[in-house]
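Below are the chains, spelled out letter by letter.
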Amino acid sequence: MDQSTRRLTVAQALVRFLSAQYTERDGVRHRLIAGTWGIFGHGNVAGIGQALLEAGEQAMPFHQGRNEQAMVHAAVGYARQLGRLSAQAVTTSIGPGATNLVTGAALATINRLPVLLLPGDYFATRAADPLLQQLEHPVEADLSVNDTLRPVSRYFDRITRPEALVPSALAAMRVLADPAETGAVTLALPQDVQAEAYDWPEEFFAERVWRVRRPAPDPVELAEAAWAIRGAERPLIVAGGGVHHSEAETALRELVDATGIPVASTQAGKGSLRHDHPADLGGIGHTGTAVSDDLARTADLVIGVGTRYTDFTTASTTLFRNPGVRFVNLNITAFDAHKLAARPLVADARAGLEALAEALAGHRVDAAYEAEYRLGKERWEQVVADAFRADDENAVPTQTQVLGALDAVVGDADVVINAAGSLPGDLHKLWRARSPRQYHLEYGYSCMGYEIPAGIGVQQAAPGTPVWSLVGDGTYLMMPTEIVTAVQESLPVNLVLIQNHGYASIGGLSESVGGERFGTAYRYRAADGTFSGAPLPVDLAANAASLGMDVIRAKTVRELRDALAAARASDRPTCVYVETDPAPSAPPAQAWWDVPVAEVASREAAVDARTTYDGHAAERRRHL
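Below is a summary of the structure that appears in this document. (Residues numbered from 1 in each chain as written. Predicted model: local features only at pLDDT ≥ 70, side-chain atom pairs only at ≥ 80, totals over all residues. Heavy atoms only, no water.)

Thoughts on the overall build of the protein
Check the secondary structure of the protein and you find 24 helices and 23 strands. Relative to the globule expectation of 25 Å for 624 residues, the C-alpha radius of gyration of the protein, 25 Å, shows essentially globular dimensions. Along the first, second and third principal axes, the C-alpha atoms of the protein reach 70 × 70 × 55 Å. For the protein, the residues scored as buried account for 56% of the 624 residues in total. A total of about 24700 Å² of accessible surface is found on the protein, and carbon and sulfur atoms cover 53% of it. Each charge class in the protein was averaged separately, 55 positive and 74 negative side chains, and the resulting centres sit 2 Å apart. (Helix = DSSP H or I, 4+ residues; strand = E, 2+ residues; numbered from the N terminus. Rg over C-alpha atoms; globule rule 2.2 N^0.38 Å. Buried < 20%, exposed > 50% of the residue type's maximum accessible area, 1.4 Å probe, protein only. Areas by Shrake-Rupley, 256 points an atom, 1.4 Å probe, with all protein chains shown as cover. Lys, Arg positive; Asp, Glu negative; His and termini not counted. Charge placed at Lys NZ, Arg CZ, Asp CG, Glu CD.)

What to know about the pattern of salt bridges
On inspection of all chains with the given rule, the structure shows 40 salt bridges. A salt bridge links Asp-336 to Arg-112; the nearest nitrogen and oxygen atoms lie 2.8 Å apart. Within this pair, whereas Asp-336 is found in helix H13 (residues 334–337), its partner Arg-112 is found in the loop between helix H5 (101–110) and strand S7 (115–121), the two being separated by 224 residues in sequence. Under the relative-accessibility criterion, Asp-336 is labelled buried at 1%. Accessibility expressed as a relative area gives 24% for Arg-112, which makes it partly exposed. Among the salt bridges present, the one from Arg-558 reaches Glu-393, with a minimum N-O distance of 3.9 Å. Of this pair, Arg-558 sits in helix H23 (residues 557–569) while Glu-393 sits in the loop between helix H15 (367–388) and helix H16 (399–409), and the two are 165 residues apart along the sequence. For Arg-558, a relative accessible area of 40% puts it in the partly exposed group. (Salt bridge = Lys/Arg side-chain N within 4 Å of Asp/Glu carboxyl O.)

Some words on the environment of Phe-531
Mapped onto the secondary structure, Phe-531 falls in the loop between helix H21 (504–512) and helix H22 (540–546). Relative accessible area serves as the criterion here: at 40%, Phe-531 is assigned to the partly exposed category. Sequence spacing of Phe-531 and Ala-11 is 520 residues, and the spatial spacing of their C-alpha atoms is 51 Å. Apart from the residues lying within four places of it in its own chain, the contact partners of Phe-531 are Ala-521, Arg-523, Tyr-524 and Arg-525. (Contact = heavy atoms within 4.5 Å.)

Quick notes on the packing of aromatic side chains
Within this structure, the stated rule accounts for eleven aromatic pairs. Ring centres of Tyr-198 and Trp-200 lie 4.8 Å apart, and the angle between their planes is 70°; on these two criteria the pair is classed as edge-to-face. Overall, the relative accessible area of 0% leaves Trp-200 in the buried class. Taking 6.1 Å as the distance between ring centres and 85° as the angle between the ring planes, the aromatic pair formed by Tyr-309 and Phe-327 counts as edge-to-face. Note that Tyr-309 is positioned in the loop between strand S15 (301–305) and helix H12 (311–314) and Phe-327 in strand S16 (residues 326–331), a separation of 18 residues in sequence. Above the ring of Tyr-439, the side-chain terminus of Lys-270 is found at 5.5 Å from the ring centroid. (Phe/Tyr/Trp six-rings, centres within 6.5 Å; stacked < 30°, edge-to-face > 60°. Lys NZ or Arg CZ within 6 Å of the ring centre and 35° of its normal.)

Structural notes on the sheet that holds strand S4 (residues 33–38)
Spatial ordering of the open sheet is given by S5-S4-S6-S7-S9-S8, a layout of six strands whose pairing is parallel. With one partner strand each, in any of the chains shown, strand S5 (62–64) and strand S8 (155–158) form the two edges of the open sheet. On average, each strand axis in the sheet is tilted by 20° relative to the strand beside it, whichever way the strands run. Of the pairings in the sheet, the one linking S4 to S5 comprises three bridges and is parallel in character. Residue pairing in the sheet places Trp-37 in a bridge with His-63 of S5. Where helix H6 (residues 165–177) meets the sheet, its contacts fall on S4, S7, S8 and strand S9 (184–190), and the angle it forms with S9 comes to roughly 160°. (Pairing = 2+ DSSP bridges. Axes fitted to C-alpha atoms, helices over the stretch in contact; angles between N-to-C directions.)

Looking at a nonpolar patch on the surface
On the surface, Tyr-524, Leu-536 and Val-538 cluster together to form a nonpolar patch covering roughly 250 Å² of accessible area. By the secondary structure assignment, Val-538 is in the loop between H21 and H22. Taking relative accessible area as the criterion, Val-538 reaches 42% and is therefore assigned partly exposed. (Patch = residues over 30% accessible without salt bridge, like charges linked within 9 Å, V, L, I, M, F, W, Y side chains within 5 Å.)

Notes on the pairing of strand S12 (residues 235–239)
On a regular strand, one side chain projects to one face of the sheet and the next to the other, so that they alternate. A large share of S12 lies buried, amounting to five of its five residues. Side chains Pro-235, Ile-237 and Ala-239 of S12 all project onto a buried face; the interleaved residues Leu-236 and Val-238 project onto the opposite face, where all are buried too. By the bridge criterion, five bridges tie S12 to S15 in an arrangement that is parallel. Looking across to S15, one finds that Leu-236 is bridged to Val-302. The sheet contact formed by S12 and strand S13 (residues 263–265) spans three bridges and is parallel.

Observations concerning the sheet that holds S12
With parallel pairing, the six strands of this open sheet are ordered in space as S14-S13-S12-S15-S16-S17. The sheet terminates laterally at strand S14 (280–283) and strand S17 (343–346), the two strands that pair on one side only. Geometrically, the sheet is characterised by an average inter-axis angle of 20° between neighbouring strands, direction not taken into account.

Remarks on empty space enclosed by the protein
One pass over the full model with this rule turns up three cavities of 30 Å³ or more. In terms of lining residues, the largest cavity is bounded by Arg-80, Gln-81, His-244, His-245, Pro-436, Arg-437, Tyr-439 and His-440. At the level of secondary structure, the elements contributing two or more residues to the lining of the largest cavity comprise helix H3 (68–81), helix H9 (241–245) and strand S19 (439–441). Across the lining of the largest cavity, the residue classes break down as two nonpolar, four polar and two charged. Taken as a whole, the second largest cavity spans an internal volume of roughly 40 Å³. Taken together, Ser-265, Lys-270, Gly-271, Leu-273, His-275, Asp-280, Gly-282, Gly-283, Trp-431 and Ala-433 make up the lining of the second largest cavity. Here the lining of the second largest cavity takes three residues from S14, the largest share from any one element. Residue composition of the lining of the second largest cavity, by class: three nonpolar, five polar and two charged. (1 Å grid on protein atoms, 1.4 Å probe; cavity = no way out; pocket = protein on both sides within 12 Å on 5 of 7 lines; lining within 4 Å. Points joined across faces, edges and corners; volume = space filled by probe spheres on them. Nonpolar A, V, L, I, M, F, W, Y, C, P; charged D, E, K, R; others polar.)

Topic: the side chain of Thr-23
Tracing the chain through its elements places Thr-23 in strand S2 (residues 21–25). In this structure, Thr-23 is in contact with Val-28, Arg-29, His-30, Leu-32, Leu-85, Ala-177, Val-209, Trp-210 and Val-212, ignoring residues within four places of it in sequence.

Quick look at H3
An α-helix turns once per 3.6 residues; consequently, residues spaced three or four apart project the same way. The terminal C-alpha atoms of H3, which comprises 14 residues, lie 20 Å apart, in line with the 20 Å expected from a rise of 1.5 Å per residue. Most of H3 sits out of view: 14 of its 14 residues are buried. Two or three places before Gln-69, at the opening of H3, Asn-67 has a side-chain oxygen 2.9 Å from that residue's backbone nitrogen. Just downstream of H3 lies Gly-83, where phi reads positive at about 65°. (Expected span 1.5 Å × (residues − 1). Polar contact = N/O pair within 3.5 Å; in protein donor to acceptor, adjacent residues only side chain to side chain.)

Some words on the pairing of S8
Sheet topology places S8 next to S9; four bridges connect them, and they run parallel. Note on S9: the bridge partner recorded for Arg-158 is Ala-188.

Following this line, the structure appears as structure tokens:
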């Protein structure tokens, strides 16, 4: 065994270790940590900062960020585009730089996407105590603000001794590369320990490959799942994000082609089948299509593939109404496979679908059922066409006409990114996904501000791919800072900036639950103290231009279509700015979403909303 050592600082050793880590799946190797995002302060500049400088760009590429949360979003967008097989690290100083990571870490872990967080921490030796930006706790001296990252991390450690880095770094890589465990991983690094030297065994820096497993289903579970499917008259597949993470789209299509079982998709699973596949019914749940939700209400067997069954998918447990409905859940995690009292099929999505196809050989749903859902699909496609169509090309576009104009411009390889506001619902109902990676919706955490940095991450992961970050004015104001990064790195992210003067999505929700759109408009205060005056004179297009973007203003449907085509042809970061007609243009929700309404109130709107709420709430169901 090689007993030689190398004397390096903890930070230098960590960077060197990370540069030699790889994943491998299906015989294809990927770099596990492909680069590091960073903003430097006194908590990491002389440690990780110096180590990155010394390692050089070839060993560990460095990306300069403007906001710590946004750096995590960029890393998450990168990892999702590459199927979780490659990730990025994020380093920050102590204090606010570290706590700014929390939102991004929660997003990564909720969406099961890998990111390595390296926040600085207080002196392990307590040589200087308290430090600048240190939170002092009167009874827990070993507590730091980095402990806020514990509940949102899949693995957390604080490296207070150099030799502790070895087992902790190995554990961190194991979690990042494990498809059943992955999420945010945090190694908190005290600033004195970062700079401390140690004699490291050379073995620590040897190239290491983490094989990403494709566990096959248990034979008994497989037999029970196949038996249940063969016995179902109205089965429905719910495709979740696990289909994409496993690259199981082909296996799903082959199963569907053989059996005729229709597929509805969650936000994360949309694009599992191409939109024009006869069995693709589009989104499911509160933001789903009519045909998906109608079939869900009558389905006698729901086959979940890689889905977490969030409340948007189940319409807050009111969607699956067949008295005899049962569930089969194919998922790589037992935690998700057992939801809704399902027959579990714990396996990799692709391996599980391939095994199911073999077990179901010769089985096909009744022809009348196929004819029913295909007719429903045709009807919904007409709804989409009507929402996208603009009869007057010189009119101010509605939001759905903005999507229609974009639909006419994008190619199969384009990636459309969104996370929050009213756009996720419109996209889930209406977008025609042409390829597995095209529909990039972050709806596990629905984090305003995700879209622009995620667009950068996708561009890094897939150079040359046209990327569209879709945001409303509310989301833009949350986090436009990474526009500067896109400009600096010459990444031609396309930003579609929709101005609707406030929080349009929450405004509509507020109205439906008796909140009367309180606090949701971006307007001057009126004489009565409410924000109901004239719209604010904020020029977001000018702001984007001031950050270095090329900006194209579009006032009509015709101008919008031309602007989108010009943006797609550009090799510069480009913003298409459009003010939309505020009139509702999307089809209404096809299923309920449980947002509790005031049980007692003096205002008529809330009283009426509670009556409606009680009617829907009575339809909730526990699947046991």
